[in-house]
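Notes for the structure review
What follows is each chain in one-letter form.
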Amino acid sequence: MVPVVQMKGIVKEFPGVRANDHVDLEVMPGEIHALLGENGAGKSTLMNILYGLYQPDAGQIFVKGEEVKMTDPNVAINKGIGMVHQHFMLIPPFTVAENIVLGTEPRKGLFLDMNQAIKQVEEISERYGLKIDPHAKVEDISVGMQQRVEIIKALFRGADILILDEPTAVLTPHEIEELEKIIRSLVQEGKSVILITHKLKEVMSMSDRVTVIRRGKVVANLETRETSEEELARTMVGRPVLLEVAKKEQEPGEVVLEIKDLHAKDARGLPALKGINLEVRSGEILGLAGVDGNGQTELIETLTGLRQPTQGTILLKGQDITKLSPRKKSLAGIGHIPEDRQKRGLILDFSIAENLVLQSYFRKPFASGVRLKWKEIQAYADRLIQEFDIRTPSQEVLAGHLSGGNQQKVIVAREIDRDPELLIAAQPTRGLDVGAIEFVHNKLVEERDNGKAVLLISLELDEILSLSDRIAVIYEGKIVAVLDAKEATEEKLGLLMSGAAAGEEVEADYA
Amino acid sequence: MRKSWKQLDRLGVALASIVLGLVVGIIFILVAGKSPILGYHALWNASFGSLRGFTELLINTTPLIFTGLSVAFAFRTGLFNIGAEGQYIVGQLGAAWAGYFFTGLPMIIHVPLALGFGILAGALWGALPGYLKAKAGAHEVINTIMMNHIALYATHYLVNGPLKGHAFLPVTKEILDSAKLFRFIPGTRANIGIFIALAAAVFVYWFLWKTTKGYELRAVGFNPLAAEYGGVNVSRNIVYSMMIAGALAGLGGAVQVLSIQYKFYDVTAFIGYGFDGIAVALIGNNHPLGVVLGAFLFGFLARGAMPMQSIAQIPKEVISIVSASIIIFISAEALVRRVIPRFSKKGGVKDANL
Ligand SMILES: Nc1ncnc2c1ncn2[C@@H]1O[C@H](COP(=O)(O)OP(=O)(O)OP(=O)(O)O)[C@@H](O)[C@H]1O
Ligand SMILES: [Mg+2]
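Just so you know, these numbers come straight off a predicted model, no measurement behind them. As a convention, each chain's residues are numbered from 1 in the sequence order in which they are written. All chains are assigned letters beginning with A, and all ligands numbers beginning with 1, in the order in which they are written. Selection of residues for local features in this predicted model requires a pLDDT of at least 70, selection of side-chain atom pairs for listing and counting requires 80 or more, and totals for whole chains, interfaces and linings are taken over all residues. With hydrogens and water excluded, all non-hydrogen atoms of the structure serve as input to the side-chain values.

1. Some remarks on the overall build of chain A
Heads up, the condition is: The numbering of helices and of strands both runs from the N terminus, where a helix is a DSSP run of H or I of at least 4 residues and a strand a run of E of at least 2. In this setup the radius of gyration rests on C-alpha atoms only. A globule is expected at 2.2 Å times the number of residues raised to 0.38. Accessibility here uses a 1.4 Å probe with only protein chains present; expressed as a share of the type maximum, an area under 20% marks a residue as buried, one over 50% as exposed, and anything in between as partly exposed.
From N to C terminus, chain A includes 18 helices and 24 strands. Taken over C-alpha atoms, the radius of gyration comes to 24 Å for chain A, in line with the 24 Å a tight globule of 511 residues would show. Its C-alpha atoms put chain A at 70 × 50 × 50 Å along the principal axes. Put simply, chain A has 511 residues, and 56% of those count as buried.

Pasting the structure below:
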C-alpha cells in the first residue's frame, strides 16, 4: 500500500535550534498515527512543514506517492491536507458557518451564498456526527465547539488527511470522548489522522501507530498494540518516568485562605459565584473539581483581583484582601498559574527573560529605582531555564517562538519560584509532556511539604485525585462538597460534579 | 546575536525600499521627459552641496524627529497617536506664550521654562484622548484626530484674539532673546534644537527598554490582559503613554518656535509634521534610532523638492511620489522580501519585534 503521507529527511533550523533533524514519517490510509515527543521535540514544526506554513531546509514530502513542494497552505489544502492548530485560528465575531467557508465561500454571482454555505456545513456535520449550530458566533461557543469548527473547516476544504495538534489539551473529559468518536468516524470514511498528544492513555486507546521524536530526531516507530504506556514514556523522555505521584502523609497547618460567602458575576453580567465558602490550609493541596464553566474561572479571577466580587470576603492568613488590586494580592503572597497561557499568562512578544519577571520586574534585585537591571534579569532567567528545563537556545527568545509546552513551563517556573503562601494553579500541566508533568507535580508537592497552601484547579480528574489532600467540588457557582482525597473516587466525583448532591454526608465532612 | 540579526534584516528592508522608491522616482522623471541624473544631483546638493544646505537639512529634520518619536512611542505601547499634529501646534503656542510673557529671566531658566510650557501643552493634548480611552473605551484614533481640529481652531481663536501680538497680523508677540535657542554656526540657522531632538530619541530608548515604567507600557501594548495579570494598572498606563507621546510632539513644536519662528503664527491649515511623523515612525520601524534616520530621509527629500523643480525642471510632486512609494514599499515588507530574494531565505522568525 502507498502511504498517503511520506516525509523524508526533513530538516528545519531556527536560530539556535535544529527543530527537525532528518525526520522520516509515514502515514497509511485510514490510519490514526500518533506523534509523540517531549515539549520542544519538534512535532508542531514538522506538522507546520507538512501543512506548508514553514519551508524545510532539506527533505522531501510525498502525498499519495507523488512528490509535492509545500510552498504554502493552499498547496497542502489542494492535496487534501487539513490542520487544526495547537492554538486555534478562528475569527471570534464571525459565525460558525462564516468561519468555515472563509476563503472558499460558495458564490451566487458576485455575492456570497450564505444559505448554500450553511447547507454544506450541515451536510458535513451530519455525515461525521459533528453537531454544531452554524448560526452561533464563535466567541459565544465553548472551546470544544470551536475545535469542532476547525475540524469541519478542514473537512469542508476536502481534507482527507487531518492533522490535529494537541486537540485534547483544552478539552473536558466528556469532550475528549466525543472527539474520539469523531476521529473514529473519520477513519471509517477512509481518512487518515495525524494526532499529536502528550496523554499516553489517548495514544494507547486511539492510535494505530506511533512515531516518537526526541530533540528533533525520530527515535522510534511503534505499533500501538505492541507497546505500553511505560515504554512510550521511557522512549520519549530517555529515562523511566514515574507516572504516579509520590507524596508523604502530612498534617495540614493553619488556614491560609478563607473564602466566605463569595459572590461574583461572569463576563456577561450573570451570577457565576453564588456564595462560595472554602478554606485552604498550609501544607495541603486542595483540588477543585468541576465541569468546565461552573464558576472556576470567576473564582480564580476574584481571588487574584482580576475580577471584583459583588459580595463576600477573602482572607489571606487572617487579613482581609477582598478588594485589593492584582499587584497587592500578588505582594500579599498569592501566586497564580492562569488557565489560558496565551491570554493571561504570557506576553508572546516579550522575551523569555522579560516574561519571567512579569510579577516582579519592579522589585529588587530586578530594578533599582526606575531602572531595570538587565544583568540580574538575564541571570535569573538563565537559572530558571536551567532549573525548569525550558527548552530554548537562549533567554532572549520571544515567548511566542517557544513550543506550547515550553511556554507553559515559563509560567510555572515564574509562579513557583516566587514561592507564594498560596499558589493558585489552574490547569498547571496543560500541554506538558509526561516528564515535565512529573516535574511540575513534584514541585507542587514540594510547595505543600514546605508548608505552603496550594489550590489546584484541573479538568483532569486523574490529576486532582493523585495530587490533592482534600477535594472540593464546584457546581453552578457553589461548593457542593468537600471530600478527603482518600475517600474520593472518580465515580463519586463525577456524580457530584453533575449536580447530584451527596446529601448529609457531605455536610458532615464540610463542618 | 539573534536580535542584531533581526535588526540588520529590518534595516535591509528599509534600505531596499528607499532604493526602490528612488527607482520609481526615476521612472516618473523619465516619463516627464527630464533627466534623472540632473534631478537627483539637485536633490543631493540641496542638503549636501553647501554648509547652509546641510544646516537647513538639520532644521527640516528636527521637528520630524519629535513627531516621529511621539507616534513611535505610542505605537510601542499599543496606541495609535494620530494627534501629533495637534500636540505639536499647542506645543508651539505654549512655548511662544511663555517666551514673551515671562520677563527678566536669565536664558538658563527662560529656555527650559518655555520648552516646559510646550511639553505641558502637548502632554495635556495627548492625555485627554488617553483618558477617554482608559475610562470610556473611546478609540484614540478618533479622539486624537478630533483634538487636532480643536488645536487648529482654538489656537486660531487665541492668536486672533487674546494673544494677538501684532497690529493686524494673526501672530503672537516675538519671544524674548532670553528664550531663544542657541545658534552655533554664525550666518546659519543651525541651532541646538537638533541635539534636543537626539536627546529625546535617546530618552525614548532608555525609557522604553531600560526602566520599569517602560516595561509596563510595552507590556500593556502587547497584551493588556497579561499586563493586568502582572499587576500593571492598564488604564492608568494608557493615560501616561498618551501623555508622554503628546509631550514629545509638544516639545517639537516648542523647539521650532524657540529656534526658528520666534513667534506663533496662525495655523490656517495643518502643517503636516504630525502626519509626516506617522510615516517617519513607520519607516523607522517605531524604533528611536530608526525614527532619527527616517526623519533625516524625509527632511532630505523635502529639502530637495524645490531645487529639483528650479534646477532640473522636475515637478516637485515627484518627491511626494518618491516618499509615498518608499512608505508603500516598507509597508509591503513581504513584497520587498520577494523582490530581493536574499531576505526571504531565512524563514521562521516571523514577527520580529525590533
Ligand atoms: N517560529 C519559531 N522561531 C524560533 N524557534 C522556533 C519557532 N517555532 C518553533 N521553534 C523552536 O523549535 C523547537 C521545536 O518546537 P515545536 O513547537 O515544534 O515543539 P513541539 O514538539 O510541538 O513541542 P510542544 O509539545 O511543547 O508543543 C523548539 O525549540 C522551539 O523553541
Ligand atoms: Mg507543539
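2. Details of the site of ligand 1
For clarity, the threshold we go by: In these notes, residues near a molecule or strand are those with any non-hydrogen atom within 4 Å of it. Polar contact criterion, stated in full: a pair of N or O atoms within 3.5 Å, where within protein one must be able to donate a hydrogen and the other to accept it, and residues adjacent in sequence count only if both atoms are side-chain atoms. In this classification, Asp, Glu, Lys and Arg are treated as charged, Ala, Val, Leu, Ile, Met, Phe, Trp, Tyr, Cys and Pro as nonpolar, and every other residue, Gly included, as polar.
Near ligand 1 lie 21 residues; those nearest to it are A:Gly40, A:Ser44, A:Thr45, A:Ser403 and A:Gly405. Those residues lying near ligand 1 are distributed over chains A and B. Between ligand 1 and A:His401, the relevant distance is 3.2 Å, taken from an oxygen atom to a main-chain nitrogen or oxygen of the residue. A distance of 2.7 Å separates an oxygen atom of ligand 1 from a polar atom in the side chain of A:Ser403. Looking at the shell around ligand 1, the elements with two or more residues in it are helix H1 (43–50) and helix H14 (404–417) of chain A. Partitioning the shell around ligand 1 into residue classes produces 5 nonpolar, 13 polar and 3 charged.

3. Examining the sheet that holds strand E14 (residues 271–281) of chain A
Residue and element names in this part refer to chain A. Counted only if it meets this: Two strands qualify as a pair provided that DSSP identifies no fewer than 2 bridges between them. A contact between two residues is defined here by any heavy atoms of the two lying within 4.5 Å. A fitted line through C-alpha atoms represents every axis, and for helices the fit uses only the stretch in contact; the resulting angles, taken between N-to-C directions, go from 0 to 180 degrees.
The sheet built from 4 strands is open, its strands ordered E14-E13-E16-E17 with antiparallel pairing. The open sheet terminates on both sides in strands that have one partner only, identified here as E14 and strand E17 (319–320). Relative to strand E13 (residues 255–265), helix H9 (residues 296–304) is tilted by about 120 degrees, and along the sheet it contacts E13, E14 and strand E16 (311–316).

4. Description of the packing of aromatic side chains
Rules: Two aromatic rings from Phe, Tyr or Trp, using only the six-membered ring of Trp, form a pair when their centres are within 6.5 Å; if the ring planes differ by under 30 degrees the pair is stacked, by over 60 it is edge-to-face, and anything between is tilted.
Applying the stated criterion across every chain, the model contains 24 aromatic pairs over all chains. For the pair A:Tyr361 and A:Phe362, a centre-to-centre distance of 5.2 Å together with 80 degrees between the ring planes defines the contact as edge-to-face. Take A:Phe362: its relative accessible area is 25%, and that puts it in the partly exposed class. Taking 5.3 Å as the distance between ring centres and 90 degrees as the angle between the ring planes, the aromatic pair formed by B:Phe101 and B:Phe102 counts as edge-to-face. By relative accessible area, which is 47% here, B:Phe101 ends up partly exposed.

5. Quick look at the packing of helix H7 (residues 193–210) of chain B against helix H12 (residues 288–312) of chain B
Residue and element names in this part refer to chain B. Put simply, the test is: Reported orientations rely on four angle classes, namely roughly parallel under 35 degrees, roughly antiparallel over 145, roughly perpendicular from 65 to 115, and oblique for the rest.
At a minimum axis distance of 9 Å, the contact between H7 and H12 shows a crossing angle of 150 degrees. Considering their axes alone, H7 and H12 lie roughly antiparallel with respect to each other. Mapping the contact onto sequence places Ile194, Leu198, Ala201, Val204, Tyr205 and Trp209 in H7 and Pro288, Val292 and Phe296 in H12. Residues that form the contact of H7 with H12 fall into these classes: 9 nonpolar, no polar and no charged.

6. Quick notes on the sheet that holds strand E10 (residues 192–196) of chain A
As a general point, the strands of a sheet are linked pairwise by backbone hydrogen bonds and lie either parallel or antiparallel. All names here are of chain A. Ordered by their spatial adjacency, 6 strands build an open sheet running E6-E9-E10-E3-E11-E12, and the pairing between neighbours is mixed. Each edge of the open sheet carries a strand with a single partner, namely strand E6 (81–84) and strand E12 (217–223). The average angle at which neighbouring strand axes cross in this sheet is 20 degrees, direction not considered. Contacts between helix H5 (residues 143–156) and the sheet are confined to E6 and strand E9 (161–165), with E6 contributing the most and set at about 170 degrees to the helix.

7. Looking at the confidence of the model for chain A
Put simply, the test is: Think of pLDDT as the predictor's per-residue confidence, scored from 0 to 100.
Taken residue by residue, chain A gives an average pLDDT of 90. The fraction at 70 or more is 98%. Low pLDDT (under 50) marks residues 503–511 of chain A, which in the prediction has 10 contacts with non-local residues, meaning those over four places away or in another chain.

8. Some points on the interface of chain A and chain B
Spelled out, the test is: Note on terms: buried area is the combined drop in 1.4 Å-probe accessible area of two parts once they are placed together, counting the loss on both. Throughout this description, the term salt bridge denotes a Lys or Arg side-chain nitrogen within 4 Å of a carboxyl oxygen of Asp or Glu.
With 35 residues of chain A in contact, the opposing surface of chain B contributes 27 residues. Summed over both sides, the interface between chain A and chain B buries roughly 2,900 Å², with carbon and sulfur atoms accounting for 57% of that surface. Counting across the interface, chain A meets chain B through 2 salt bridges. Our enumeration of links across chain A and chain B arrives at 15 residue pairs in polar contact (both at pLDDT 80 or more). Elements represented by at least two residues in the side of chain A that touches chain B include exactly helix H10 (326–332), helix H11 (341–345), strand E20 (371–372) and H14 of chain A. Ranked by the residues each element gives to the side of chain A that touches chain B, the list is headed by H11(A), at 4 residues. When grouped by side-chain class, the residues that make up the side of chain A that touches chain B number 20 nonpolar, 6 polar and 9 charged.

9. Concerning the packing of helix H2 (residues 36–48) of chain B against helix H3 (residues 51–76) of chain B
Residues and elements named next belong to chain B. Two elements in contact, H2 and H3, have axes separated by 5 Å at closest approach and are oriented at 85 degrees. Relative to H3, H2 is oriented roughly perpendicular. For the pair H2 and H3, contact is made by Ala46, Ser47 and Phe48 and by Gly53, Phe54 and Leu57, respectively. Taken together, the residues that form the contact of H2 with H3 break down as 4 nonpolar, 2 polar and no charged.

10. Comments concerning the pairing of strand E3 (residues 32–37) of chain A
Residue and element names in this part refer to chain A. The buried count for E3 comes to 6 of 6 residues, which makes it a mostly enclosed element. The two faces of E3 match: Ile32, Ala34 and Leu36 on one face and His33, Leu35 and Gly37 on the other face are all buried. Two strands pair when backbone bridges link them, and E3 and E10 are joined in this way by 4 bridges, in the parallel orientation. If you follow leucine 35 over to E10, its bridge partner there is isoleucine 196.

11. Quick look at the domain arrangement of chain A
Residue and element names in this part refer to chain A. Just so we agree on the cut-off: In this document the domain limits rely on a domain assignment from an automatic tool or a database.
Here the domain parsing of chain A yields domain 1 (1–80 + 160–240), domain 2 (89–158) and domain 3 (255–497). The C-alpha centroid of domain 3 is placed 31 Å from the C-alpha centroid of domain 1. Counting from both sides, the interface comprises 22 residues of domain 1 and, opposite them, 18 residues of domain 3. Between domain 1 and domain 3, the buried area comes to about 1,500 Å², and carbon and sulfur atoms account for 51% of it.

12. Things to note about the pattern of salt bridges
All told, the structure shown has 47 salt bridges over all chains when counted by the stated rule. Between A:Arg418 and A:Glu415 there is a salt bridge; the shortest N-O distance is 2.6 Å. In this pair, the class of A:Arg418 matches that of A:Glu415, namely buried. A salt bridge links B:Lys213 to B:Glu216; the shortest N-O distance between them is 3.1 Å. Here B:Lys213 and its partner B:Glu216 are both found in helix H8 (residues 212–222), 3 residues apart, which amounts to about one turn of the helix. For B:Glu216, a relative accessible area of 11% corresponds to the buried category. Here the salt bridges do not stand alone but share partners, grouping A:Lys247, A:Lys248, A:Arg448, A:Asp449 and A:Asp469 into one network.

13. Topic: the environment of A:Thr168
All names here are of chain A. Mapped onto the elements of the fold, threonine 168 is located in the loop between E9 and helix H6 (173–188). Sequence separation between threonine 168 and glutamine 60 is 108 residues, and the spatial gap between their C-alpha atoms is 30 Å. Dropping the residues within four chain positions of it, threonine 168 is found in contact with Ile176, Leu179, Thr197, Lys199 and Glu202. Looking at threonine 168, its side chain comes within polar contact range of the side chain of glutamate 202, at 2.7 Å.

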